Amino acid sequence: MSTTTSSGVAKDRAPAKTPKVKQGRGVRGRTLNFWLFTGPFLIGLAVFVYIPIGWSAYLSFFEARYTVIPSTFVGFDNFTYMLTNEKFTDSLVTFTVFAAFIVPVTWAFSLGLAMMVNRLRFMRAFFRSVFFLPTAVSFVAASLIWKMSIFSGVRFGLANTVLGWFGVENIAWLANPNPPWYWLVIVTVRLWLQAGFYMILFLAALQNIPPELYEAAAIDGAKPGWQTFWYITLPQLRATSTAVILLLLVAAYQAFDEFFNLLAKTTWGRPPLVELYYTALGENQDYGAGSAGAMILTVLICCVTLLQGKFMGFGKGEQAK
């Protein structure tokens, strides 16, 4: 680029210098910021999750009573003991019964709530918040409310008060396994606590269904209601339903708070985690056997999750038409 001086002679102008950006410093700065934000979380995850899991797996092959420091290598003896322990196998049966109740009931109830909220024309956000709010309640607090206020065995409990209006005698909901009324207490408290969360998942999936599908179905003569639900809504919710069932199964395996607080120290109605709690922290404090049981439960959860996901086609893309 040139300019003309007062004497008429052209003079070249020096090009403006472009400031150089130090790329290395920017990359290093972003990397440093990444580790500053994620470092504490990763350290906490390693200290409180991965290291205990690894130590538990290591401990399961050793004799460890009254201490978490292994003493004598016993191989698979702890696993054999837990698999032949009647209390532990009974706890797996208890889980099976619990899952048979809570998984389909929560799935159906949360889907029904989502469809109801999705059809609202006003105050949708209000009802969505109301149904989701119980998920913020502690399992311990909810269990105590169910035990002391709603399903108390005395006549002052809410359930017995309502039944008394119809001439029904007081029921000891949690004191007697025959009949097993305690299942009603445990299932209802878990249903109240977690249905709102899965309702949000179903609600998001319902809002992603193209309305053109329902319009085309109406043109083809499909009746609104059960017919459109069975042939349009439910197939569109397959991926969400699979994820919800997987989460419900894992949560059922991990049930602890409601059983522990509702049934206290009863010998019946113990799920696997409660049984492992008494194995590791009971009179014998057998940490080796407790760790072996935890590993068995972990493998069982993984196998059930993988089989159920494979059966329902979780993670598969849309089939090409």
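Residues numbered from 1 in each chain as written. Predicted model: local features only at pLDDT ≥ 70, side-chain atom pairs only at ≥ 80, totals over all residues. Heavy atoms only, no water.

Novice: Can you tell me about the overall build of the protein chain, naming the residues and giving the values?
Specialist: In terms of helices and strands, the protein chain carries 13 helices and 4 strands. The buried share of the protein chain, reckoned over its 321 residues, is 34%. A separation of at least 24 residues holds for 64% of the contacts in the protein chain among residues at least 6 apart in sequence. Only carbon and sulfur atoms are counted for the fraction: they give 67% of the accessible area of the protein chain, which is about 20700 Å². (Helix = DSSP H or I, 4+ residues; strand = E, 2+ residues; numbered from the N terminus. Buried < 20%, exposed > 50% of the residue type's maximum accessible area, 1.4 Å probe, protein only. Contact = heavy atoms within 4.5 Å. Areas by Shrake-Rupley, 256 points an atom, 1.4 Å probe, with all protein chains shown as cover.)

Novice: Any details on the packing of helix α4 (residues 124–132) against helix α7 (residues 182–207)? Residues and values, ideally.
Specialist: Interhelical geometry of α4 versus α7 gives an angle of 145° and a closest axis separation of 8 Å. On α7, the residues that touch Arg124, Arg128, Phe131 and Phe132 of α4 are Gly196, Phe197, Met199, Ile200, Leu203 and Gln207. Its residues assigned to classes, the contact of α4 with α7 comprises 6 nonpolar, 2 polar and 2 charged. (Axes fitted to C-alpha atoms, helices over the stretch in contact; angles between N-to-C directions. Nonpolar A, V, L, I, M, F, W, Y, C, P; charged D, E, K, R; others polar.)

Novice: Could you give an account of the pattern of salt bridges, naming the residues involved and the relevant values?
Specialist: Close approach of charged atoms lets side chains of opposite charge pair. Here the structure, examined in full by the defined rule, presents 3 salt bridges. A salt bridge links Arg65 to Asp286; its shortest N-O distance comes to 3.3 Å. Placement of Arg65 in the loop between β3 (62–63) and β4 (72–73) and of Asp286 in the loop between α12 (272–281) and α13 (287–311) is noted, with a sequence separation of 221 residues between them. Residue Arg65 is classed as partly exposed on the basis of its relative accessible area, which comes to 39%. In this structure, Glu258 engages Arg190 in a salt bridge whose closest nitrogen and oxygen atoms are separated by 2.7 Å. Of this pair, Glu258 sits in helix α11 (residues 257–263) while Arg190 sits in helix α7; the two residues are 68 residues apart in sequence, bridging distant segments of the chain. Neither Glu258 nor Arg190 differs from the other in exposure class; each is buried. When salt bridges with common partners are traced through the structure, they connect Glu63, Arg65 and Asp286 into a single cluster. (Salt bridge = Lys/Arg side-chain N within 4 Å of Asp/Glu carboxyl O.)

Novice: Tell me about the packing of aromatic side chains, residues and numbers included.
Specialist: In total, this model carries 27 aromatic pairs according to the counting rule given. Joined through ring pairs, the aromatic side chains of Phe98, Phe101, Tyr182, Trp183 and Phe259 make up one cluster. (Phe/Tyr/Trp six-rings, centres within 6.5 Å; stacked < 30°, edge-to-face > 60°.)

Novice: Give me the lowdown on the environment of Ala218, citing residues and values where you can.
Specialist: Structurally, the position occupied by Ala218 is in helix α8 (residues 211–219). The class for Ala218 is exposed, based on a relative accessible area of 52%. For Ala218 and Thr228, which are 10 residues apart along the polypeptide, the C-alpha to C-alpha distance reads 8.8 Å.

Novice: Can you tell me about the packing of helix α10 (residues 238–253) against α13, naming the residues and giving the values?
Specialist: Where α10 contacts α13, the axes come no closer than 10 Å and their chain directions differ by 165°. Here α13 runs roughly antiparallel to α10, going by the angle between their axes. As α10 runs across α13, the sense of the crossing is right-handed. Of the residues in α13, those in contact with Thr242, Ile245, Leu246, Leu249, Val250 and Tyr253 of α10 are Leu297, Leu300, Ile301, Val304, Thr305, Gln308 and Gly309. Residue composition of the contact of α10 with α13, grouped by class: 9 nonpolar, 4 polar and no charged. (Parallel < 35°, antiparallel > 145°, perpendicular 65-115°, else oblique. Left-handed = near helix turned anticlockwise from the far one by under 90°.)

Novice: Summarise the side chain of Ser91; cite the residues concerned and give the values.
Specialist: Tracing the backbone shows Ser91 in helix α3 (residues 86–118). Setting aside chain neighbours within four positions, we find Ser91 in contact with Arg270, Pro271, Pro272 and Glu275.

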